[in-house]
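The primary structure of each chain is shown beneath.
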Amino acid sequence: MLQVCAMLNSNQKTAGVPNFYLSAWAHLNLAYLWKLRNNVHNSVLHILDMFVVDPFFSRIDFTPELWKELFLPHMGSIFGWYSEERHRLVMEVIPDSSDLSFTIDLDQFLNESLIMRPDQVEKLQKLEQLFGESLDESTRLYAKYFKDCMNSNSDSTSSKKVIPMLPIAEPPMTPLHEVSRSIPDFVKFGPILPKSAGFSPFLKSKEGTSETRRGPRRMNLTSSASENLEHSAIWDPQEGLIEENEDDSDYQEDDVNVDSDDQVKKLPSPSSSKMIENKETGPKVQPSRMKGPLYSPTVFSSISSPKTSPKISPPKPDEQSGNVHATLLRLKSTRLTDTTSAASLPVSPSLSSDFSNSPVDSDGEAMEVPQSCRQNSSRRRSMSNETAISHVSKNSSLNEDNEGNQSSASLPSSEKMSTKLRPPKDFVCPITGQIFCDPVTLETGQTYERKAIQEWLKRGNTSCPITRQPLSASTLPKTNYVLKRLMTSWKDGLPDLPEEFQYSETPMNSFSQCMKDTSIASPRSFDIPFHRSNDEYINQRNKRFSRGPISTSPTSVISQAEVEKIINSLKPHVSCLCTSENLEECEKAVFEISRLWKDSKADPGVHSFLAEPTILNGFVEILSASLNRDVLRTSIYILSELIFADENVGEILTSVDSDLDCLAALLKNGLAEAAVLICQLRPAFAQLAAHDLIPSLVQLIQNKLEEVDDLQFIMEPKHAAIVLLDLILVGGDENSRSITALSVISANGIPALIKCLERMEGRRSIISILLRCMQAEKSCRNLIANRIELSPVLELFHAGNDSARGGCVGFLSELVQLNRRTFSNQILQTIKDEGAFSTMHTFLVYLQMAPMEQQPAIATLLLQLDLLVEPRKMSIYREEAIEALIEALRRKDFSSSQIMAIDALLSLIGRVTSSGDRYTEAWLLKIAGFEQPFNALMKAEQRKIHDNYFMETMEEEEKAMSAWEKKVAFVLCNHEGGSIFKALEECLRSSSLEMAKSCLVIATWLTHMLLVIPDTGVKVAARKCLLDDFINVLQSSKNLEEKILATLALRTYISDPDATKVLGVYAKCIYKTLGKLKRNSVVVTDIKKTLMNLSSVDATELWSCTELVELDSCANGEVLSLIHLKGRILSSHSDGTIKLWDAGKRVPRLIQEVREHAKAVTCLHASSSGDKVYSGSLDKTIRVWAMKSEEIHCVQVHDVKEAVYELTANSKVACFVSQGTGVEIYEWSGSPKHINFNKHVKSVAMTGTKLYCGCSGYSIQEVDLCSYTSNTFYSGTRKLLGKQTMYSLQILDGVLFAGGSSVDGTAGKIFSLSTKAIIGSFPTGFDIQRIAINNDFVFTASKCGNIEVWLKERFTKVASIKMSCGGHAKITSLVADMDGGMLYAASSDSKIQVWDLD
């Protein structure tokens, strides 16, 4: 029971209780049980499963102490984030919060009747909720990691153990910018302790007093801050850890005041300022984009920094005047317009590329830049040329001055460092020997600088540099943010830390550092986090490009002097690009910048110079304003090169939506290179979808691009278009992906994509796109199959990684599902034969190591390749493929895996329409007799395919399909003695209706195929596993199609004696259900007959009938004859009338009434074809009637000269009984013959050339219609008393049923016409006047209105029906429809009575 609870579906409930709670509780108890059995391994696995299934109740309710021991040590970053966010929220509520410490007991203040606004309460609640969700998710992550470690250690069969990757518990968001400067380490990274831990409120010391000064704005830092910081943390070189100082309460931050216009204002803290954070320290704060003036934030710089440069000259007096605010405007250039836009360029170092406090001692004044309006129609800017030139000159002077400081700044001196300032060894990369900038932790547990380990791997190494263990991952993991935060905490706790430790990057060239300090500030903000939706493509692309990594050492590819020369040459062109009003000058500057960039050979210093936001903005302005194609291409080339060297440049561009809008417009206007830059920017799906780029991308792929050698882009525009198209198809929900794929198809993009497969670049993306197209519009499979060359796909499969292989498998599996079996086999043969390696062997190897979700597809593909030849006795490919499918069906805990396996089996059957829809179910329903779904599909097929072609190929394809089905069914059924039936049994009982329905189709198909494949004894396994489930579906399902499928499967078992015994147990409960299905399924009759004739079944319990209606025809006299024909009833009456009734429904409906006979119509007979009816009358005529759906009309009248009492006929003769002895034979040509055997004939029946006559004397005469001779077929025993007569004869399936007078308790005989032997009798004491037969029963009627029911096969009496005839009325005619559903009886009192036999 505990195992069942542990496997419950977590998304559902049981008795109102969530299943995940029950499942976790079950895992806990199972852990106890395994511990009692001394199986610690399984006990621990169940404990970990408990944390995976329900981490919340596991850590709160079930095992809180165990959670603290196992998982709490790994949650430091989440608790630190929570502490910061909670502190920030509470500070907004507590009055005078500026006087409180970060370590204060905030709960005390919350309990002191503080009034919180509703929005503050909501924020706090959301924070608590997000905090809990983060703990739960990280708990689940580490529990899975622990499980993987245990499974890895316990797997002794694997020759190569893969060490699981250590996870990182990342908080929902990283701390805000520089918040670490004001929060102690134990609050930032430690857990939140209870009140009993001793947190108490205390006020900050007031040693650092505020000082008001008039003049330039600057931040004053007192020495007390430095002293407190020095004692806030102590480095223990022996332990290698930062120890907390007990005197943490002395930690404080100076109050900083700025005087502006005689008004003292407190400066905002760095955590709440609008400054842009460096890429190394976490996420950025989004500043608002404004079209009006925006005040530049004041720059903070430490005056106590040991690296203060004395060579920086103070700003000019005119630049320090009072309170002048610099205006920031986003430049909006338009083409051929006269609107003006103004923007000033603040030169605050806070907006430079470094985005951190400058090490240079700078006053940080806000500089006023004169605004000037432009009149040029092409471009307008707000900065004057003079200001820009002076600014560039300032950069140049700073560059020169900084050269002298570089040597001392870049080379740390061991003599200057104390033991306390030496960085911990965990903060230093073992390869570079420098403090980490971007640490990454490999699967081996070792941490390296990202650029260093990338260089290591690019040199061909595949193992860890320290442990020498092989690396299985193809890509590097994410940044170790926990380590980065610890490093930040260590740096912030040491104010005297040398500058080389303040910045973890390796020192760059002097010009690079200069540009970081005093570069031109960008007037736009760029802090939107980038959503990397397809990092794998970028990693793959970077590996493919031949360019080496950017050098980070002072010695670059070109000499230092050459670099400085190039930068000096760039400055005037950059100034022109950023400030010139003349569009032509700016366009020339673009060409010059491109030339100098090429000359620099992508030097990092030149890159840093050009990567400034203002310069990037200049290039974007060119893209918005220029109409010159070469200029546009060159601008895109430069931006592309800058982004390739540093992805942060791309983040700057993607932060402003208008930049992407500009590129999208260029792409739509035919600039193919714009696709390259868009691809590098990696925009989110929503951004791409908003621009409707599908037609332009498809057009780009279709066009043949011009060969241009002057600009070598990092990728071809066509390749970029393919990648973008793939990104759009991957993003969004299922509906949007389907719409996008249909857009690609409608734009005729498939042929162009197939042509691009010849090249290696973009193959994976192309295959992904084609797969999406086939999934959205299945009919395009034929288009792709007719055009594609499969060798590139197989090459990608052989050479690609696991993800690429999975895409190839999905593509090939979808491709072979064609409506023509012969064509599918050709494609499969091509897959099997193509390539230098054995495709089947490669598939087999991949099957054994493929992810669980890919195994059904690869197994199905491998099995189809194996079945191209006749199934052999043994095939490792076949055995492994089928075993994988069965294993997937058995995964109860992974319903998605079961669904994929069922879908794979349905595709394996291969019945697919030209539209790509599977019709296996419709085909099975057609076999069962329910043809409407199949006919609808075929009608649609004929409309899509030319009729002649359809008819010519239909027969050939059906033969190929039949042969294929036999092979598939044979190998599936005979695998390990029919183990697939057991797997299907489990799926049939699934709670998923969709899964159960699909599984029913497969189970029915396999069971039905057991009738056509060689019998190897697997029917027993099928019966044991599936018979009960089929009966359950028949009884409980409310779906008509499902019931019919179940009956088709049950029909397979009626020839199995053991199966019929089981059916006999359920006979009584399913017989009535089968009766309701008989109008929809022809197989029901066979099952009902089998059940009724079982010796173990009491037939009387199965029999049931209901009287429906009694029709009164007294106006037409006595009803003399009835016949049933094609859903119609014909009745003849004593006044010469013939009536036509519609018997399609339960109650007959009168359609037509004709009266062409002059006297009573005594008998009716229908031809074997059912298109003619013969009527005999007392008016001495025989009439021939043409039978139509709604009417009958007389076509012939034959005068036979004698009254007709009984009649039978065929296309050549009519045989009738008149008043005398013998029988009359009338040829339709007009020559009558009389066969006289001195007996009065009461009934006749004809089959072939033989006529049988029931005569007086209880005998049957046989007449040969060819020779017109007679002989005695049967002569009964004469009795001295009474007259014995054969009143009724009926022939069906070579058996003659004769009814007459009751003699010795027997009133009828049953003869075999072939042997003339008596095979049965009707033991009854009533004379049999009329006989009616259907597929299951024989009905005999006596004069007094009693109808007895006999089993047709066993000749045993089942029931009796009493006709409600009044007075002396007798039964004149009796007829039943062949399906056994209705019984009609006519009486001499002008009544027709109807019974429903179900």
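See the structure printed just above.
Residues numbered from 1 in each chain as written. Predicted model: local features only at pLDDT ≥ 70, side-chain atom pairs only at ≥ 80, totals over all residues. Heavy atoms only, no water.

Engineer: Just to check I follow, could you spell out the pairing of strand S10 (residues 1119-1125) for this structure?
Structural biologist: The side chains of a regular strand alternate between the sheet's two faces. The element S10 is largely enclosed, with a buried count of six among its seven residues. Both S10 and strand S11 (residues 1128-1133) contribute to a ladder of six bridges, which runs antiparallel. Bridge pairing in S11 places Ile-1123 opposite Leu-1130. Two successive antiparallel strands, S10 and S11, enclose a turn made up of two residues, where Lys-1126 displays a positive phi of approximately 50 degrees. (Buried < 20%, exposed > 50% of the residue type's maximum accessible area, 1.4 Å probe, protein only. Helix = DSSP H or I, 4+ residues; strand = E, 2+ residues; numbered from the N terminus. Pairing = 2+ DSSP bridges.)

Engineer: Please explain the packing of helix H30 (residues 763-776) against helix H32 (residues 791-799) as it appears in this structure.
Structural biologist: When two helices pack together, their arrangement is given by the angle between the helix axes and the distance between those axes. Relative to each other, H30 and H32 sit at 115 degrees, their axes nearing to 10 Å. For the element pair H30 and H32, the recorded crossing hand is left-handed. Along the contact surface, H30 presents Arg-763, Arg-764 and Ile-767, while H32 presents Pro-792, Val-793, Glu-795 and Leu-796. In terms of residue class, the contact of H30 with H32 is made up of four nonpolar, no polar and three charged. (Axes fitted to C-alpha atoms, helices over the stretch in contact; angles between N-to-C directions. Left-handed = near helix turned anticlockwise from the far one by under 90°. Contact = heavy atoms within 4.5 Å. Nonpolar A, V, L, I, M, F, W, Y, C, P; charged D, E, K, R; others polar.)

Engineer: Got a minute to help me understand helix H34 (residues 821-833) in this structure?
Structural biologist: Note on helix geometry: an α-helix contains 3.6 residues per turn, so any two residues three or four positions apart are oriented the same way. Here H34 contains 13 residues, and its C-alpha end-to-end distance of 18 Å stays within 8% of the 18 Å for a straight helix at 1.5 Å per residue. Buried within H34 are the following residues: Arg-821, Phe-823, Ser-824, Ile-827, Leu-828 and Ile-831. The buried residues of H34 occupy an angular sector of 160 degrees when the element is viewed end-on, so they sit on one face. (Expected span 1.5 Å × (residues − 1). Arc of directions from axis to C-beta.)

Engineer: Is there a simple way to think about the sheet that holds strand S32 (residues 1346-1351) in this case?
Structural biologist: Either a parallel or an antiparallel arrangement is found when strands of a sheet pair, and the pairing is made through backbone hydrogen bonds. Taken in spatial order, the four strands line up as S30-S31-S32-S33 in an open sheet, and their pairing is antiparallel. Both edges of this open sheet fall to strand S30 (1330-1333) and strand S33 (1357-1362), since each of them pairs with a single strand only. Neighbouring strand axes in the sheet, compared pairwise and without regard to direction, differ in orientation by 20 degrees on average. Where S30 and strand S31 (residues 1337-1341) come together, four bridges link them in antiparallel fashion. Within S31, the residue paired with Ile-1333 across the bridge is Val-1338.

Engineer: Please explain the pattern of salt bridges as it appears in this structure.
Structural biologist: When the charged atoms of two side chains lie near each other, side chains of opposite charge can form a pair. Using the criterion set out here, one finds 37 salt bridges in the structure. The salt bridge partner of Lys-147 is Asp-49, with a shortest N-O separation of 2.6 Å. Highlighted residues: Lys-147 in helix H8 (residues 118-154) and Asp-49 in helix H3 (residues 40-53), separated in sequence by 98 residues. Glu-958 serves as the salt-bridge partner of Arg-911, at 3.0 Å between the closest nitrogen and oxygen. Taken together, the residues Arg-911 in the loop between helix H38 (895-909) and helix H39 (920-927) and Glu-958 in helix H41 (residues 947-973) connect sequence positions 47 residues apart. (Salt bridge = Lys/Arg side-chain N within 4 Å of Asp/Glu carboxyl O.)

Engineer: Can you help me understand helix H35 (residues 839-849) in this one?
Structural biologist: Inspection of H35 places Thr-839, Met-840, Thr-842, Phe-843, Leu-844, Tyr-846 and Leu-847 among the buried residues, and these make up the whole buried set. As for H35, its buried residues are in contact with H32, helix H33 (802-815), H34, helix H36 (855-866) and helix H37 (876-889).

Engineer: Would you mind going over the environment of Ile-435 with me for this structure?
Structural biologist: Along the chain, Ile-435 falls in the loop between helix H11 (385-410) and strand S7 (439-441). Here Ile-435 falls in the buried class, since its relative accessible area comes to 6%. Spatially, the C-alpha atom of Ile-435 lies 9.0 Å from that of Lys-425, the residues being ten residues apart in sequence.

Engineer: What is the right way to read the sheet that holds strand S9 (residues 1106-1112) from this model?
Structural biologist: The strand order S9-S36-S35-S34 describes an open sheet built from four strands, whose pairing is antiparallel. Each edge of the sheet is formed by a strand with only one pairing partner; in this case those strands are S9 and strand S34 (1371-1376). Shown here is a sheet whose adjacent strand axes are inclined to one another by a mean of 15 degrees, direction ignored. In terms of strand pairing, S34 meets strand S35 (residues 1382-1387) through five bridges, oriented antiparallel. Bridge pairing in S35 places Ile-1371 opposite Ser-1387.

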